[in-house]
Amino acid sequence: MTAVLAVGAFGLFAYRAARTSALEATYARLRSALTQIRTITELGVLTQLDQLRSAARDSAIVTALRRPTGPLPESAVETVRGLVGTPGTATVVELLAADGNVRYATPAPLEPPDDARTFEFPDDGAIGPIVGRPGVLIFQSGIAVRAAGARIGHIRVTRRLGTGAANSRIATNLLGAQAALLIGNQDGRMWSDSGIVRYPADQDSLRYTRDGIRWLSFAGRVRDTPWLYAVEVPEDVALAPARALIAPFTVAGTLIALACILLGLRVSRRITSPLAELTAASEAVARGERRVELVATERHDEIGRLARAFGTMAASVRAVQDRLESEIDTRTGELTDAVRRLREVDEELRRSERFATLGRLSGAVGHELRNPLGVMSTVVLLLDGLPDASPKLKEYARLLREQIRLSERIISDLLDRARSGAPVRSSVDVAALLDDVLAHAAVPAKIRIERRYASPLPRVVLDRDHVRQIVWNLVTNAVHAMQETGGVLTVLTSVAGGHLRIEIRDTGPGIGETDVDRIFEPMFTTKAHGVGLGLSISREIARANGGDLYVTSMERAGACFVLDLPVMIAADAEAPVQRSLDGPGDAPRASAP
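This section reports on the structure supplied with the text. (Residues numbered from 1 in each chain as written. Predicted model: local features only at pLDDT ≥ 70, side-chain atom pairs only at ≥ 80, totals over all residues. Heavy atoms only, no water.)

### A look at helix 3 (residues 74-82)
By the burial criterion, the buried members of helix 3 are Ala76, Val77, Thr79 and Val80. Buried residues in helix 3, looked at end-on, bunch into an arc of 160°, giving them a common side. (Buried < 20%, exposed > 50% of the residue type's maximum accessible area, 1.4 Å probe, protein only. Helix = DSSP H or I, 4+ residues; strand = E, 2+ residues; numbered from the N terminus. Arc of directions from axis to C-beta.)

Here it is as structure tokens:
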């Protein structure tokens, strides 16, 4: 332990010293890089100012500004163009009269910034602040032109500013590929390759956080300009040499600790291992563990005799535990089955009682509401027949007729709940039954029907009315889902293993993940109108016939409802119906029954 602590203390001291040294070296390299970059920039600034001063003293420029109108002399044009610099650079040179009007300007794809037009340039020339544009930095330089002691105009140069290949190479060579060069103004508004940077420009060297990264930075002002340049590197990069010392000291400390642990284990094993093994075995038996292996039984001393006696006792305890657990598992299984059966019976009784109550209430309410709805329908009919009825009265009659139709649909759903009784089975041609439902479902022309019936499709014994009601509800829902956009309504059938399977598919918007588990609940609906009883009634009828109704996911948009019913082949099914309509069917346009 002492050796481990000594290695750890020495490693901490060495890391702190290496960290301080790395920071000092990084700031020295930052200062050197910034000095070189700033020197190159200042030379360029001096060159531009010298060119401006020479142009301001040019006699052709003075002569041109004294004459506010007329063409510019060719010599003055050449002088102005000489301020552009390298051909192809984005530079605009303007010769302005005393009143601010542009006397001459060189053409270039660079618009002078609006916030720099008010910059007043002194007689000796000056460099303006940097202005940011999308993807480009712009600055202006200028000088006043004087003659006979009075200002007669200005020369203004607008240039595009970049980091420059030379500046980038200096930063990269001295600081590495992750170094950043910031260019901006002394107010702290800086630019980098990633955009605008708010730089704390109150001191030369600093450490600050930007975009979640800790930076080491060194900044300096560019002479004869309002500019500020800064170079910086991530702190992690600067401290990488110091952190490289952590691994060697960690490895050394780990090796020393492992050596001490191994030596201690060897001594402990020779002295206390047998007793520790017996203690652990006793605790394991107390916890209820069954398989307890003792190595000390091979010894020929007192510890070996104790271990063998303990092993015999553990075997006896294990046999008793096995017998008791076997009996408990048997009793638990019986109780679980009994509880499950009781829950199923209780749930069935609750569901039967709930639906019976709801059926009686639905039948009573439906029959009581039909009479006032009939009276309202008669009134609407009389209103429609009035010869002098106003358009507003006819509109009210139309709205009332629509609400009566909606109310009758809700009553029909309630009565369906009330009428669902015990199944009455008979021999049924399933294909003919499905065709009849589709023919009366009022399917719009923009919805295409596809029939995919099993071939052969025999007559089966089932409750015709119940199956018709379920299929009618599913087809109606599918039509409503595709009412606006159109689509394909697919009906599939199959008979296998004593079960009839009918699938109703649509290509509508489908069912949301949160609604899949609730669509069969009574009073749940996603439609603007309706009470949400259709699917609940259909599933209850399917289960009353010994089958089920459920929804499956589709590979694409839409929904697929599956009706699965146990059936028997009808005794009069001498010749099964030969149907296999895999292609699209005609969309019937008859009104709903």
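### Some thoughts on the environment of Glu503
Locating Glu503 in the fold gives a position in strand 16 (residues 499-506). For Glu503, a relative accessible area of 10% corresponds to the buried category. Through-space distance from the C-alpha of Glu503 to that of Leu563 is 6.4 Å; in sequence the pair is 60 residues apart. In this structure, Glu503 is in contact with Thr490, Val491, Leu492, Cys560, Phe561 and Val562, ignoring residues within four places of it in sequence. Within polar-contact distance, the side chain of Glu503 engages the side chain of Arg501 at 2.7 Å. (Contact = heavy atoms within 4.5 Å. Polar contact = N/O pair within 3.5 Å; in protein donor to acceptor, adjacent residues only side chain to side chain.)

### A word on a nonpolar patch on the surface
Together, Val251, Leu255, Leu258, Ile261, Leu262 and Leu265 make up an exposed nonpolar region whose accessible area comes to about 590 Å². With respect to the helices and strands, Leu262 occurs in helix 7 (residues 246-287). With relative accessibility at 58%, the residue Leu262 sits in the exposed group. (Patch = residues over 30% accessible without salt bridge, like charges linked within 9 Å, V, L, I, M, F, W, Y side chains within 5 Å. Areas by Shrake-Rupley, 256 points an atom, 1.4 Å probe, with all protein chains shown as cover. Salt bridge = Lys/Arg side-chain N within 4 Å of Asp/Glu carboxyl O.)

### Focus on the packing of aromatic side chains
One pass over the structure, following the stated rule, counts two aromatic pairs. Ring geometry for Tyr199 versus Tyr208: centroids 5.5 Å apart, planes at 90°, classification edge-to-face. Over the ring of Trp215 we find Arg210; its NZ or CZ atom is 4.5 Å from the centre of that ring. (Phe/Tyr/Trp six-rings, centres within 6.5 Å; stacked < 30°, edge-to-face > 60°. Lys NZ or Arg CZ within 6 Å of the ring centre and 35° of its normal.)

### Digging into empty space enclosed by the protein
Per the counting criterion, the structure on display carries one cavity of 30 Å³ or more. Approximately 40 Å³ is the volume found for the largest cavity. Together, Arg425, Val461, Leu462, Asp463, Asn545, Leu565 and Pro566 line the largest cavity. Contributions of two or more residues to the lining of the largest cavity are made by strand 14 (460-462) and strand 18 (559-566). In terms of residue class, the lining of the largest cavity is built from four nonpolar, one polar and two charged. (1 Å grid on protein atoms, 1.4 Å probe; cavity = no way out; pocket = protein on both sides within 12 Å on 5 of 7 lines; lining within 4 Å. Points joined across faces, edges and corners; volume = space filled by probe spheres on them. Nonpolar A, V, L, I, M, F, W, Y, C, P; charged D, E, K, R; others polar.)

### Re unusual backbone geometry
Here Ser455 and Pro456 are connected by a cis peptide whose omega angle stands at 0°. Mapped onto the elements of the fold, Pro456 is located in the loop between strand 13 (447-452) and strand 14. Non-glycine residue Asp224 carries a positive phi angle of around 65°. Here Asp224 lies in the loop between strand 10 (213-221) and strand 11 (227-234).

### Re the sheet that holds strand 12 (residues 426-428)
Two strands in a sheet stick together by hydrogen bonds in their backbones, pointing the same way (parallel) or opposite ways (antiparallel). Within the open sheet, the three strands sit side by side as 12-14-19. Their pairing is antiparallel. The open sheet terminates on both sides in strands that have one partner only, identified here as strand 12 and strand 19 (568-569). (Pairing = 2+ DSSP bridges.)

### Thoughts on the packing of helix 11 (residues 464-481) against helix 12 (residues 534-544)
Look at helix 11 against helix 12: their axes get within 9 Å of each other, and the N-to-C directions meet at 150°. By the criterion of interaxial angle, the relationship of helix 11 to helix 12 is roughly antiparallel. Relative to helix 12, the crossing made by helix 11 is left-handed. Contacts between helix 11 and helix 12 involve His466, Gln469, Ile470, Asn473, Leu474 and Asn477 on the former and, on the latter, Gly534, Leu535, Ile537, Ser538, Ile541 and Ala542. Taken together, the residues of the contact of helix 11 with helix 12 sort by class into six nonpolar, six polar and no charged. (Axes fitted to C-alpha atoms, helices over the stretch in contact; angles between N-to-C directions. Parallel < 35°, antiparallel > 145°, perpendicular 65-115°, else oblique. Left-handed = near helix turned anticlockwise from the far one by under 90°.)

### Regarding the sheet that holds strand 10
Read across the sheet, six strands follow the order 8-7-6-11-10-9 without closing on themselves; strand pairing throughout is antiparallel. Both edges of this open sheet fall to strand 8 (195-198) and strand 9 (205-210), since each of them pairs with a single strand only. Across the sheet, the mean angle separating the axes of adjacent strands is 35° when strand polarity is ignored.

### Examining the pattern of salt bridges
Under the definition given, this model contains 18 salt bridges. The shortest N-O distance in the salt bridge between Asp123 and Arg146 comes to 3.2 Å. With Asp123 in the loop between strand 2 (102-105) and strand 3 (126-133) and Arg146 in strand 4 (residues 136-147), this pair connects stretches of sequence that are 23 residues apart. Given the relative accessible area of 36%, Arg146 is considered partly exposed. Between Asp436 and Arg468 there is a salt bridge, and its shortest N-O distance comes to 2.3 Å. Pair noted here: Asp436 is in helix 10 (residues 430-439) and Arg468 is in helix 11, with a separation of 32 residues, a long-range link.

### Points about the packing of helix 2 (residues 59-66) against helix 3
As a packed pair, helix 2 and helix 3 sit with axes 8 Å apart at the nearest point and diverge in direction by 115°. With respect to their mutual orientation, helix 2 and helix 3 come out roughly perpendicular. In the packing of helix 2 onto helix 3, the handedness of the crossing is left-handed. Note on element contacts: helix 3 touches helix 2 through Ser75, Ala76, Thr79 and Val80, opposite Ala60, Ile61 and Ala64.

### Observations regarding the pairing of strand 1 (residues 91-97)
Within strand 1, seven of the seven residues are buried, leaving the element largely enclosed by the surrounding structure. Of the two faces of strand 1, both are covered, the one formed by Thr91, Val93, Leu95 and Ala97 as well as the one formed by Val92, Glu94 and Leu96. Bridging between strand 1 and strand 5 (residues 150-161) involves seven bridges; their strand directions are antiparallel. Looking across to strand 5, one finds that Val93 is bridged to Val157. As defined by bridge partners, strand 1 adjoins strand 2 across three bridges and the pair is classed as antiparallel. Note that in strand 2 the partner of Glu94 across the bridge is Ala105. The loop that links strand 1 with its antiparallel partner strand 2 comprises four residues; one of these, Gly100, has a positive phi angle of about 95°.

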